[in-house]
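Listed below, chain by chain, are the residues.
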Amino acid sequence: MSRYRFAIVIFVLLVFVVVGAYLILGNKGAGPQNVTIDVPVTGGTSMNPPSWTVHHNDTVTGNIKSDVDGEVHLHGYDIAFETKAGQVVSQTFKAVNTGDFPIEWESTSTELGHLIVNP
């Protein structure tokens, strides 16, 4: 093989290694983040946004403001937000469990949404 062809092969291999390393290391993310989610609950039947999406080990602060008294319950973490009409209730937790966890209005078991914790 001539030196010219050898140099081209080495160059192409080097490009593949650099691009591959960039793609692999670039997808690692920045690590755990602090995430704050502000959520209004209406009539104990809906919340906006209906889904909270975070990553494993994020520190999550949920701020819930309801127009009625009651409990918003986050299953999978067993966290209760005891709401009083017109007041903001906050809970902070570490997202250690991955998966899709329902959030419901406890007294009626009405599903309000989901916490989605990605790996």
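Just above, that's the structure.
Residues numbered from 1 in each chain as written. Predicted model: local features only at pLDDT ≥ 70, side-chain atom pairs only at ≥ 80, totals over all residues. Heavy atoms only, no water.

(A) Main features of the environment of Gly44. Along the polypeptide, Gly44 turns up in the loop between β1 (34-42) and β2 (46-47). By relative accessible area, Gly44 is classed as buried at 2%. When residues no more than four places from it in sequence are discounted, the contact partners of Gly44 are Asp67, Val68, Trp105, Thr110 and Leu112. (Helix = DSSP H or I, 4+ residues; strand = E, 2+ residues; numbered from the N terminus. Buried < 20%, exposed > 50% of the residue type's maximum accessible area, 1.4 Å probe, protein only. Contact = heavy atoms within 4.5 Å.)

(B) A look at the pairing of strand β8 (residues 99-105). When strand β5 (residues 70-74) meets β8, the two strands line up antiparallel, connected through three bridges. Each residue of the ladder has a partner; that of His73, found in β8, is Glu104. Note: β8 against strand β9 (residues 110-118), seven bridges, orientation antiparallel. Looking at β9, one finds that Pro102 is bridged to His114. Linking two consecutive strands that pair antiparallel, namely β8 and β9, is a turn of four residues; a positive phi of about 60° is found at Ser109 within it. (Pairing = 2+ DSSP bridges.)

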